[in-house]
Amino acid sequence: MARHHGPVLVDTNVILESHRIGAWAALAGGYPVETVEDCVIETQTGFQRRRAEQQIDAAALRASLAGIHAPGDREIAAAVVRASDIALDIGERSLWAHTLTRTDGWVLCGPDKASLRFGVRLGYRDRLVALEQLLKEAGYRPKEPLKLAYTSKWLEKTLGELVLAEEADRT
Amino acid sequence: MAAQLIGARIKALREERKLSQDDLARVFGFKDRQTVSAIETGERRVTADELLLAVEKLGAPLDYFTDPFLLVGEGRFSWRQTNVGSGVLGAYERSAGRWIAAFRSIAPQVGRASPLLRRALGLTRHSRFEDAMEAGERFAAEFDLGDVPARRLTDVMERELGILVLMVDAFEGISGAACRLPELDVVLINRHEVAGRRHFDQAHELFHILTWDAMPPEHSEEAKEVGGNRVEQLANNFASAVLMPKAALARYGEWAEFGDDELVIRLNTAANELMVTASAVKWRLVALEWLKPARARAISDAALRNNGHEAPKSIPPLLFSKPFMEVIGLAVDEGRISTRRAAGLLDLAVEDLTDLFVAHGVEPPAEL
C-alpha cells in the first residue's frame, strides 16, 4: 500500500500510546495529524482514565497538531442518528462527528473496537489504520513495543470480525 | 434500536410536558400527528435536523435523546438506608441508574436478555407475618438453598430468577436497593456492609422484587431487621426465614433451655455459620416463638456485636457482579461500547477495569 500523505485523524488512545512509547514527534512530524478538542482534553491529567497518568504538555500538543476541531450539536446529532447503539466515549464520538463532515482523503487511527465498529458500519473500513503502520511508513521504529491493539495485524483481524458481526446484525 | 430509543425519549418528554402528538407535529412542522406517532414507536427514523429541533423546542440536551445509559422515568427504586438525605440518595440513584440502564441496553445485544416472565409471591399487604415466613421457608427449600442459604442466594437470584445483583460502593448509610424496570429487576447491595447485614438486605430486597406489583415498596425505608411499616415487616419476616429456616436453627438445640451465657454463644455461633447477624438470629427465634421477647430484649447488644468478634471479619465482595462484568466484557469485545466509555460508566481507570474483569474471571479486552 502506498504511503499515506493526507490528514490523519487520531483519538485520545493514540495520542496517549504515541507519547508512552516516545513516538509522538515522529507521528506528528510525518503526517498532518488532526484531532478534536474533546480528545485534547482527555489527554490531560485527570481525564486520561489511566492508572498512571502521563504529563502531556497541552501547548506543545496543540502546536504539533495540524488541526483541532470542535464539532457542535449539529455534527454530533448527524453522527449519533446513524449508529446510536454503539456507545462511544465523548472524544471518540466527537472525532467521528467531525470526520463525517470531511470530504478529503483522511484516514482515522483509533484502536477501540467500538470506534472501529462505528467506522465499519458507516462504510469506512478502508480508512481505518493502525498506529504501527503509520509509524512504519513514516520511517520510525518504536524502541518500546506497541500494545497489541495498535498493531496492523490486530487491526486487520479485528476489522474482519467486525465486518462479519455487522453483516450478522443486519440479517 | 437507535430509532426506538430516540423515539421513546421524545415520547417521554412530550408526555412530561403534557403535549399531544398534534402539538408536537406543529412544533416539528409535520402535516399530521401520524409522523410523530411513527417516530415515537421507532417505525420512522429521526433525522439529525429533527433531533436538533427536539433539543431546541423541548429544551433537553442532546444526550437526553441519544444516551442509552440513562433511565428516563422508567426505573422505580426502593432504598434501604439510615439517615441519608434525599439529595445524596438522589445523586447516588442517578449513578446507579446509569449502570442499570447500561446493562438493560447492552445485555440483549450480547445475548443475555432478561427472562421474559417474572416470578412473584402470592402475598399481599394483608398477608400474615406467618405467611411471609412460610413463603421464606418454602423459597429456601424449593430453590435448594441448603444448610447455609446466604451462600447460594445470589446464585439463585441471578440464575433462577434473572435478577441482576450488584455489589456497589455506596455512600455511608445506604445499605441497598431494589430497582424495577419494565424489563429488568435489580438488587443493589453496599458491599462494605458486614456480611450478615448484606445477606439480610439482599433477602429483604428479594421480597420486594417478588411482591412489587402487589405491594410496591416505599422509595426509601430505614434499614433495620425489625419494625417498619407492614410491607417492611413482611419483607423482614420473609428474609429471616429464607436465611434462617427452622431446620437450620433447630440443629443448635432447644433454644429456650439455654442459660444466658450459653444462649449468647449459640446465637453468635449460629450467626457466623449462617452468615447473618446474631441480632437477626435472635429476632428470628422470637418470631418462631422459640425465644420469649422479654428474654431477647434482655440480651445486651454488646454481647452480639460483630457476632462476638472483636471487629467484623469481612473482605468486601468484588465490585458489581460476574454476570454484569460478563455483559460489559462481551460488549467491549464486540465493539458495542468503547473501553473508555465502559471505564467512565463504572468510574474506573482503564487498567482497573481490566483488573476487575480478571478478578471476576472474565476475559479482559485488548489493552489500550
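Scope of this entry: the structure provided in the associated data block. Everything quoted here is computed from the prediction, not taken from an experiment. (Residues numbered from 1 in each chain as written. Chains lettered and ligands numbered in written order. Predicted model: local features only at pLDDT ≥ 70, side-chain atom pairs only at ≥ 80, totals over all residues. Heavy atoms only, no water.)

### Some words on the side chain of threonine 339 of chain B
Okay, step 1: Position of threonine 339 of chain B among the secondary structure elements: in helix H17 (residues 339–345).
Okay, step 2: Overall, threonine 339 of chain B belongs to the buried group, its relative accessible area being 6%. (Helix = DSSP H or I, 4+ residues; strand = E, 2+ residues; numbered from the N terminus. Buried < 20%, exposed > 50% of the residue type's maximum accessible area, 1.4 Å probe, protein only.)

### Concerning the interface of chain B and chain A
Okay, step 1: Each partner contributes residues to the interface: chain B has 39 residues there, and chain A has 35 residues.
Okay, step 2: Summed over both sides, the interface of chain B with chain A buries roughly 3100 Å², with 49% coming from carbon and sulfur.
Okay, step 3: The largest share of the area that chain B buries against chain A comes from Arg336, Arg340 and Leu368 of chain B, three residues that together contribute 27% of it.
Okay, step 4: Summed over the shared surface of chain B and chain A, the result is 9 salt bridges. (Contact = heavy atoms within 4.5 Å. Buried area = accessible area lost by both parts, 1.4 Å probe. Salt bridge = Lys/Arg side-chain N within 4 Å of Asp/Glu carboxyl O.)

### What about the sheet that holds strand E1 (residues 8–10) of chain A?
To summarise the sheet geometry, strands pair through backbone hydrogen bonds and adopt either a parallel or an antiparallel arrangement.
Residues and elements named next belong to chain A.
Okay, step 1: Reading across from one edge, E3-E2-E1-E4 is the order of the 4 strands in this open sheet, with parallel pairing throughout. Bordering the open sheet on either side are strand E3 (67–69) and strand E4 (107–109), each of which pairs with just one other strand. Within the sheet, the average angular offset between the axes of one strand and its neighbour, ignoring direction, is 30 degrees.
Okay, step 2: Where E1 lies against strand E2 (residues 33–36), 2 bridges are found, and the strand directions are parallel. Of the residues in E2, the one forming a bridge with leucine 9 is glutamate 34.
Okay, step 3: Relative to the sheet, helix H6 (residues 90–99) contacts E1, E2, E3 and E4, its axis offset from that of E2 by approximately 115 degrees. (Pairing = 2+ DSSP bridges. Axes fitted to C-alpha atoms, helices over the stretch in contact; angles between N-to-C directions.)

### Some points on the packing of aromatic side chains
All names here are of chain B.
Okay, step 1: Applying the stated rule across the entire model yields 18 aromatic pairs over all chains.
Okay, step 2: Centroid distance phenylalanine 139 to phenylalanine 238: 6.0 Å. Interplanar angle 70 degrees. Geometry classified as edge-to-face. With a gap of 99 residues between them, phenylalanine 139 in helix H7 (residues 129–142) and phenylalanine 238 in helix H10 (residues 230–243) connect regions that are remote in the sequence.
Okay, step 3: Look at phenylalanine 139 and you get buried, because its relative accessible area is 6%.
Okay, step 4: With 5.7 Å between their ring centres and 80 degrees between their planes, tryptophan 255 and phenylalanine 258 make a pair best called edge-to-face.
Okay, step 5: Taken together through their ring pairs, the aromatic side chains of Phe77, Trp79, Tyr92, Trp99, Phe103, Phe171, Phe320 and Phe324 make up a single cluster. (Phe/Tyr/Trp six-rings, centres within 6.5 Å; stacked < 30°, edge-to-face > 60°.)

### Some points on the sheet that holds strand E1 (residues 76–81) of chain B
All names here are of chain B.
Okay, step 1: Read across the sheet, 5 strands follow the order E2-E4-E3-E1-E5 without closing on themselves; strand pairing throughout is mixed. At either end of the open sheet lies a strand with only one pairing partner, and these are strand E2 (164–168) and strand E5 (220–222). Strand-to-strand twist across the sheet, computed as the mean angle between neighbouring axes with direction ignored, equals 15 degrees.
Okay, step 2: As paired elements, E2 and strand E4 (residues 184–190) share 5 bridges and run parallel to each other. Note that in E4 the partner of leucine 164 across the bridge is valine 186.

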